[in-house]
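Okay, here's what each chain looks like letter by letter:
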There are 2 protein chains.
Amino acid sequence: MAFSVNLLTQETYKIPSVLDDSMAIEEFLSRHKGKKVIVVQGLGFVGAVMALVCANALNEEYAVIGVDLANKNSYWKIRSINDGIFPLSADDPKITEFFEKTKVKGNFLATYDPIVFSHADVVIVDINLDVQKNSGQNFALQDFDVDLTGFKAAIRSIGRNCRDDVLVLVETTVPPGTCEKVVKPILEDQLGLRGLGTSKYHLGHSYERVMPGPEYIDSIREFPRVYSGCNENSADAIEFFLRTIIDTSVCSLTRLQHTNATEMAKVLENSYRAMNIAFAVEWSRFAEEAGVDLYSIINAIRERKTHANLMFPGVGVGGYCLTKDPLLASWARKSFFDSPSDLSMSVNSVSINDQMPLYAFRRLNEVFGDLKGKNITILGISYRGDVGDTRFSPVHVLVNLIREQTDRIQLHDSFVSYWEEQDCMIESDLFKILDLSTDLVIISAGHSEYRTKATLEKLMTMKHMFIYDTIGFFSPSELKKLSSKHKVSVLGSGNIN
Amino acid sequence: MAFSVNLLTQETYKIPSVLDDSMAIEEFLSRHKGKKVIVVQGLGFVGAVMALVCANALNEEYAVIGVDLANKNSYWKIRSINDGIFPLSADDPKITEFFEKTKVKGNFLATYDPIVFSHADVVIVDINLDVQKNSGQNFALQDFDVDLTGFKAAIRSIGRNCRDDVLVLVETTVPPGTCEKVVKPILEDQLGLRGLGTSKYHLGHSYERVMPGPEYIDSIREFPRVYSGCNENSADAIEFFLRTIIDTSVCSLTRLQHTNATEMAKVLENSYRAMNIAFAVEWSRFAEEAGVDLYSIINAIRERKTHANLMFPGVGVGGYCLTKDPLLASWARKSFFDSPSDLSMSVNSVSINDQMPLYAFRRLNEVFGDLKGKNITILGISYRGDVGDTRFSPVHVLVNLIREQTDRIQLHDSFVSYWEEQDCMIESDLFKILDLSTDLVIISAGHSEYRTKATLEKLMTMKHMFIYDTIGFFSPSELKKLSSKHKVSVLGSGNIN
């Protein structure tokens, strides 16, 4: 018997052994006759919120059904939605507002039953597509692979059930070439096997740029969009649909000529960010060697408009995208287009970025010494400031490394109560965790809370200790104040105050 | 007997065998008693224009003397300035305006005699510092070296002559660490050898961001500046001086805490640009393989503010900075700071960029075929649009490669009359060069002239030919028009129209 635990409520659900949800689906649809039906495949950080956006479309009333797998990691999300608890904790008040509206309208159902695709006017594919990395010594990337098995099965599940005039919109970040070389053949094969024609369905790709955080909803509704179709009709159909959910009065909608192009755009733009971080990382080490502060250098350079997007180094790169998207591209170039060449700049970036937490740890040993017997307080486990998202957080790696020298670790993050990757609860009361026994405070996520007046004052009342700022969090004036009492070291700066 | 030829007028000057210019200097200074004397060392693309800016300072009347070596490459510049012909052709009208003003005021002299340093209140170092690259097969960078001999000699020449209270401002792009580890010791040694103290001189670094082109002067006077001193007094002195020549009401002046920091800032910011181009280059090849157009992809991504500075690929990277600055940094990291690590992202960028013209050539062979017996017209030899600057222009490499298959080449550039690197004259009349025998037109510099209505109409009257746009110069609508008559291929785009 299989179970799935709700990560927000800790409630345990039994996964049904017979996977038939058709009655609930029929009941839901009977209440929404005449409405177009949108099925969102995948109820993760993108799909769940995309479903909310569709259920609160700008100028159309949709019946929205989210679908995910009935397994340990996903079944609880289905139950949670149907029980009235949104399966993500986010500090965007619009998430709650939008979810409450769907309850009033009753236009958002979740299910595990693929039969749901047979009712869809639009299917939005928001499932994950992971990269399997093989990391060598010191976390350096040695090789990697992309396993399309799960993705193909998901598309096949659509093709086995969908109508012959369905619109399939792929939002998943895929290796460029996937819509043309994987999705289209699978859909057409499955339609053919059911004796259906392949002239009426529409297929296209439009990538999301979802940013978990206080503007979660707006990062879908009010953010520039790029889209394409596998042919002109499909592109028109996608454009028509997107205009019902995206506020094109405040953001652009750009059509590219081929699904290869939009798929490439997505991984290119994330590779660009990953590379800019890797670049800063290399220079931050040089800055440390030369005894200068990279943050002030970058701030000075940013005065030039052409260089305003220079990024800072830090403890590492986390999140679901930047850690893998360059690899998806490189894989596609070789696997789909038989290229003998690599995207060396992009792939090298991932390798450099993956080594950041190790470097931060080694630098800590250099400036602070061995951690044995020391009491360590870690502020922030999320990979981004003011967000509770620990997916691929570099702090996870850093904490593992620290644990090799000491187990006297206190962890704080008021955005995360349970840390899935480390399987432990997280303290949310900052003032409880900052106590007089602390030898070392590590700033590892840029939560605003850590620079409030109250926090800075609390830090000044503590006994002399070491503060290790791994993300260039404190301003020069804050550093000056803190270093009047404590020893402070900033990763990427050769100065130790 | 040695000669030096004026590259603008072709006049030949005999280089004097006795290098004594003290009478001219004394005469000049006697006319400017009471004024501060600025000596600009190096009369190249930066120094010559910097001297003009100083001679037309915002709120101070300086007597300005430019100094360069009495050799084949530089002596003519000295003579040209003193003969009333500015040694650079630039399309910034302010260059002429400023130079004419110095003639009226008589406050700008050029000389080769290092005795001039003995009169300087301020010495500005604007000499070149080159990297010696060892390129392997296919132009890939194999190794490189930085020879400081000439640079050290130049600094020694200052130290042998300068007053003990001189202000030395290094503007040359140098390996980070140079002011501290090279300039300072040499100056202090030389002052000491002359029995002078080392407590009164000032030394600092502030890098220029000169951009040859229509805003040449403003790129010095109205552009954000970063500076530092070897100590607090020096930084104050440099700031005071910079405020007399730079319009800080329209641009920022940022002090960094160490000369290492400003030196690093300069090479970092150029490495950033070099890397962003190398990044685009790799993706442009992927775009060609996948049959999509990278320019439209990048334009779509640029809608995001965080990605607005994504760069386009092209035929290559030219100019004096981006082709070497990442290497200066890498060299310094190893040579001055004994680092075991490399700046791999930055160094790899130079290698990738150096290979761009070869790639453009190979792609041309792919899309057009062998060039044997074909008549080829090359539009633009400069490394930048609307500028006559051929330093390290990638078109030089491209032309060499083309010459291996055909010698039927016509070259056009209305900004360059004589092409030093190829030792040939350049046609400036576009309509003369576009004739009916042309089989292939290559767009290799983004001069506005190539997209005027008249030019596009002229191209449409020519016989069917092939147009190879190596820089994504034409807009989609221009491409559409041209491809109605000609075959058009854009480097970085898989579409051939």
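Cut-offs used in this document
- Residues numbered from 1 in each chain as written.
- Chains lettered and ligands numbered in written order.
- Predicted model: local features only at pLDDT ≥ 70, side-chain atom pairs only at ≥ 80, totals over all residues.
- Heavy atoms only, no water.
- Helix = DSSP H or I, 4+ residues; strand = E, 2+ residues; numbered from the N terminus.
- Rg over C-alpha atoms; globule rule 2.2 N^0.38 Å.
- Buried < 20%, exposed > 50% of the residue type's maximum accessible area, 1.4 Å probe, protein only.
- Contact = heavy atoms within 4.5 Å.
- Areas by Shrake-Rupley, 256 points an atom, 1.4 Å probe, with all protein chains shown as cover.
- Lys, Arg positive; Asp, Glu negative; His and termini not counted.
- Charge placed at Lys NZ, Arg CZ, Asp CG, Glu CD.
- Buried area = accessible area lost by both parts, 1.4 Å probe.
- Salt bridge = Lys/Arg side-chain N within 4 Å of Asp/Glu carboxyl O.
- Polar contact = N/O pair within 3.5 Å; in protein donor to acceptor, adjacent residues only side chain to side chain.
- Nonpolar A, V, L, I, M, F, W, Y, C, P; charged D, E, K, R; others polar.
- Phe/Tyr/Trp six-rings, centres within 6.5 Å; stacked < 30°, edge-to-face > 60°.
- Lys NZ or Arg CZ within 6 Å of the ring centre and 35° of its normal.
- Arc of directions from axis to C-beta.
- Pairing = 2+ DSSP bridges.
- Right-handed = clockwise from strand over helix to strand, strands pointing away.
- Core = buried A, V, L, I, M, F, W, Y, C linked by side-chain atoms within 4.5 Å.
- Axes fitted to C-alpha atoms, helices over the stretch in contact; angles between N-to-C directions.
- Least-squares fit on C-alpha atoms with pLDDT ≥ 70 in both.
- pLDDT = per-residue confidence, 0-100.
- Disulfide = S-S within 2.5 Å.
- Parallel < 35°, antiparallel > 145°, perpendicular 65-115°, else oblique.
- Left-handed = near helix turned anticlockwise from the far one by under 90°.

A.B. asks: Would you mind going over the overall build of chain A with me for this structure?
C.D. replies: Looking only at helices and strands, chain A features 17 helices and 19 strands. Relative to a compact globule of 497 residues, whose C-alpha radius of gyration would be 23 Å, chain A shows 24 Å and is just as compact. Expressed as lengths along the three principal axes of its C-alpha atoms, the size of chain A is roughly 75 × 50 × 45 Å. Every one of the 497 residues in chain A was classed for burial, and the buried ones make up 58%. Relative to all contacts within chain A whose residues are 6 or more apart in sequence, the contacts with residues 24 or more apart total 75%. Looking at chain A as shown, the accessible area adds up to about 18900 Å², and 50% of this sits on carbon and sulfur atoms. Separation between the mean location of the 52 positive side-chain charges and that of the 63 negative ones in chain A comes to 3 Å.

A.B. asks: I would appreciate a short explanation of helix H10 (residues 294-301) of chain B in the present structure.
C.D. replies: Burial within H10(B) is extensive, with six of its eight residues counted as buried. Among all positions in H10(B), only B:Leu294, B:Tyr295, B:Ile297, B:Ile298, B:Ala300 and B:Ile301 are buried. In the core, the buried residues of H10(B) are packed alongside strand E11 (225-229), strand E12 (253-255) and helix H9 (259-289) of chain A together with helix H9 (259-290) and strand E19 (487-490) of chain B.

A.B. asks: How should the interface of chain A and chain B be read in this particular structure?
C.D. replies: Listed by partner, the interface residues are 59 residues for chain A and 59 residues for chain B. Taking both sides of the interface into account, the surface hidden between chain A and chain B amounts to around 5200 Å²; carbon and sulfur atoms contribute 69%. Looking only at chain A, the three residues that lose the most surface to chain B are A:Trp283, A:Arg304 and A:Met345, adding up to 14% of its buried area. One can count four salt bridges joining chain A with chain B. In this structure, the connection of chain A to chain B is made through 26 residue pairs in polar contact (both at pLDDT 80 or more). Of all the elements in the fold, those that place two or more residues in the side of chain A that touches chain B are H9, helix H10 (294-301), helix H11 (325-335) and helix H12 (344-354) of chain A. Of all the elements, H9(A) adds the most residues to the side of chain A that touches chain B, at 20 residues. Residues that form the side of chain A that touches chain B fall into these classes: 33 nonpolar, 15 polar and eleven charged.

A.B. asks: Help me out: how do you make sense of the packing of aromatic side chains in this one?
C.D. replies: The relative placement of two aromatic rings is captured by the distance of their centres and the angle of their planes. Counted under the stated rule, the structure contains 30 aromatic pairs over all chains. With a centroid separation of 5.3 Å and an interplanar angle of 75 degrees, the aromatic rings of B:Trp331 and B:Phe336 are classed as edge-to-face. Classification of B:Phe336 by relative accessible area gives buried; the value is 15%. It is A:Arg302 that lies over the ring of A:Phe312; its NZ or CZ is 4.1 Å from the centre.

A.B. asks: What exactly am I supposed to notice about helix H14 (residues 394-403) of chain B here?
C.D. replies: Note: α-helices contain 3.6 residues per turn, so residues at a spacing of three or four share the same orientation. Residues and elements named next belong to chain B. Among the residues of H14, Pro-394, Val-395, Leu-398, Val-399, Leu-401 and Ile-402 are the ones counted as buried. End-on view of H14: buried residues confined to an arc of 160 degrees, all on one side of the axis. On its buried side, H14 packs onto helix H13 (356-368), strand E13 (376-379), strand E14 (409-412), strand E15 (418-419) and strand E17 (440-443).

A.B. asks: How should the pairing of strand E18 (residues 466-469) of chain B be read in this particular structure?
C.D. replies: In summary, the side chains of a regular strand alternate between the two faces of the sheet. All names here are of chain B. Burial along E18 is two-sided: the face carrying Phe-466 and Tyr-468 and the face carrying Ile-467 and Asp-469 are both buried. Of the pairings in the sheet, the one linking E17 to E18 comprises four bridges and is parallel in character. Each residue of the ladder has a partner; that of Ile-442, found in E18, is Tyr-468. Between the parallel elements E17 and E18, the chain passes through helix H16 (residues 453-461) in a crossover that is right-handed.

A.B. asks: Would you mind showing me how to read the nonpolar core here?
C.D. replies: Within soluble globular proteins, side chains that are nonpolar generally end up buried alongside one another. A:Phe151, A:Trp283 and B:Trp283 are the most contacted members of the largest nonpolar core, which totals 158 residues. With 16 residues, the single largest contributor to this core is H9(B). Those residues in contact with B:Trp283, other than ones at most four positions away along the chain, are A:Met264, A:Val267, A:Leu268, A:Ser271, A:Ala329, A:Leu343, A:Ser346 and B:Leu294.

A.B. asks: Please clarify how the sheet that holds E18(B) should be interpreted in this entry.
C.D. replies: Whether parallel or antiparallel, the strands of a sheet pair through hydrogen bonds between backbone atoms. All names here are of chain B. Taking strand neighbours across the sheet as the criterion, the five strands line up as E14-E13-E17-E18-E19 in an open arrangement whose pairing is parallel. Each of the sheet's edge strands pairs with one partner strand only, and the pair in question is E14 and E19. Neighbour to neighbour, the strand axes of the sheet diverge by 15 degrees on average, direction disregarded. Alignment of E13 against E14, held across four bridges, turns out to be parallel. Opposite Thr-377, over in E14, you have Gln-410 as the bridge partner. In this fold H14 packs onto E13, E14 and E17, with an angle of close to 165 degrees to the strand it touches most, E14.

A.B. asks: Mind showing me how you'd approach the side chain of A:Asp325 here?
C.D. replies: Residue position: A:Asp325 is located in helix H11. Exposure remark for A:Asp325: the relative accessible area of 0% places this residue in the buried category.

A.B. asks: Can you help me understand the relation of the copies chain A and chain B in this one?
C.D. replies: Once chain A is rotated about the relating axis by 180 degrees and shifted along it by 0.0 Å, it coincides with chain B to within an RMSD of 0.0 Å. Classification of the inter-copy transformation places it as that of a two-fold axis. Ranked by how close their C-alpha atoms come to the rotation axis, the residues of chain A are headed by A:Met345, at 3.4 Å.

A.B. asks: Explain the side chain of B:Lys77 here, please?
C.D. replies: All names here are of chain B. Positionally, Lys-77 belongs in helix H3 (residues 75-82). For Lys-77, which is buried and forms no salt bridge, the nearest opposite charge comes from Asp-68, at a distance of 4.6 Å. The contacts of Lys-77, once residues within four sequence positions are left out, are Leu-43, Gly-44 and Pro-87.

A.B. asks: What is the right way to read the confidence of the model for chain A from this model?
C.D. replies: Keep in mind that low pLDDT regions are not for reading the predicted coordinates in detail. Taken as a whole, chain A shows an average pLDDT of 95; of its residues, 100% reach a score of 70 or greater. As a predicted assembly, this complex carries a pTM of 0.94 together with an ipTM value of 0.93.

A.B. asks: Would you take a moment to explain the environment of A:His258 for this structure?
C.D. replies: One can find A:His258 in the loop between E12 and H9. Each C-alpha atom, one on A:His258 and one on A:Glu478, is 50 Å from the other, the two residues being 220 residues apart in sequence. In this structure A:His258 touches A:Glu180, A:Ser228 and B:Val292, once residues within four positions along its chain are discounted.

A.B. asks: Any chance you could explain the state of the cysteines here in plain terms?
C.D. replies: Any covalent bond linking the sulfur atoms of two cysteines counts as a disulfide. Overall, the coordinates contain zero disulfides over all chains when judged by the stated rule. Sulfur of A:Cys179: no disulfide; nearest cysteine sulfur belongs to A:Cys230 and is 8.1 Å away. Considering cysteine sulfurs only, B:Cys54 is the nearest to B:Cys251, which forms no disulfide, with 14 Å between them. Residue classification places B:Cys251 among the buried residues on the basis of a relative accessible area of 8%.

A.B. asks: How should the environment of B:Asp165 be read in this particular structure?
C.D. replies: All names here are of chain B. Of note, Asp-165 is situated in the loop between helix H5 (149-161) and strand E9 (167-170). Once the C-alpha coordinates of Asp-165 and Ser-199 are considered, the two residues, 34 residues apart in sequence, prove to be 8.2 Å apart. In this structure Asp-165 touches Lys-200 and Tyr-201, once residues within four positions along its chain are discounted. A polar contact of 3.0 Å, which involves the side chain of Asp-165, links it to the side chain of Arg-163.

A.B. asks: What exactly am I supposed to notice about the pairing of strand E4 (residues 62-67) of chain B here?
C.D. replies: Residues and elements named next belong to chain B. Along E4, six of the six residues are buried, which leaves the element largely enclosed by surrounding structure. Of the two faces of E4, both are covered, the one formed by Tyr-62, Val-64 and Gly-66 as well as the one formed by Ala-63, Ile-65 and Val-67. Sheet topology places strand E3 (residues 36-41) next to E4; six bridges connect them, and they run parallel. Counterpart to Val-39 in the pairing with E4 is Ile-65.

A.B. asks: Teacher, can you tell me more about the sheet that holds strand E6 (residues 122-125) of chain A here?
C.D. replies: Residues and elements named next belong to chain A. Spatially, eight strands are ordered E5-E4-E3-E6-E9-E10-E11-E12 in an open sheet, and the strand pairing comes out mixed. Two strands in the sheet have a free side with no partner beyond their single neighbour: strand E5 (108-111) and E12. For this sheet, the mean angle separating the axes of adjacent strands, direction not counted, is 25 degrees. The sheet contact formed by strand E10 (residues 202-206) and E11 spans three bridges and is antiparallel. Bridge pairing links His-205 to Ser-228 in E11. Contacting strand E3 (36-41), strand E4 (62-67), E5, E6 and E11, helix H2 (residues 47-55) crosses the sheet at an angle of about 170 degrees to E4.

A.B. asks: Which parts of the structure should I look at to understand the packing of helix H6 (residues 178-193) of chain B against H9(B)?
C.D. replies: Packed helices, taken two at a time, are described by their axes: the angle between them and the distance between them. Residue and element names in this part refer to chain B. Between H6 and H9, the least distance of the axes is 8 Å, while the angle of their chain directions is 115 degrees. Each of Thr-178, Cys-179 and Glu-180 in H6 lies in contact with H9, whose residues at this interface are Thr-259, Asn-260 and Glu-263. Residue composition of the contact of H6 with H9, grouped by class: one nonpolar, three polar and two charged.

A.B. asks: For this particular structure, what's the right way to read the packing of H9(A) against H9(B)?
C.D. replies: It is at 11 Å that the axes of H9(A) and H9(B) come closest, and there the two elements cross at 155 degrees. Judged by the inter-axis angle, H9(A) sits roughly antiparallel to H9(B). In this structure, the crossing between H9(A) and H9(B) has a hand that is right-handed. Contacts between H9(A) and H9(B) involve A:Asn260, A:Met264, A:Val267, A:Leu268, A:Ser271, A:Tyr272, A:Met275, A:Asn276, A:Phe279, A:Trp283, A:Phe286 and A:Ala287 from the first element and B:Met264, B:Val267, B:Leu268, B:Ser271, B:Tyr272, B:Met275, B:Asn276, B:Phe279, B:Trp283, B:Phe286, B:Ala287 and B:Ala290 from the second. Grouping the amino acids of the contact of H9(A) with H9(B) by side-chain chemistry returns 19 nonpolar, five polar and no charged.

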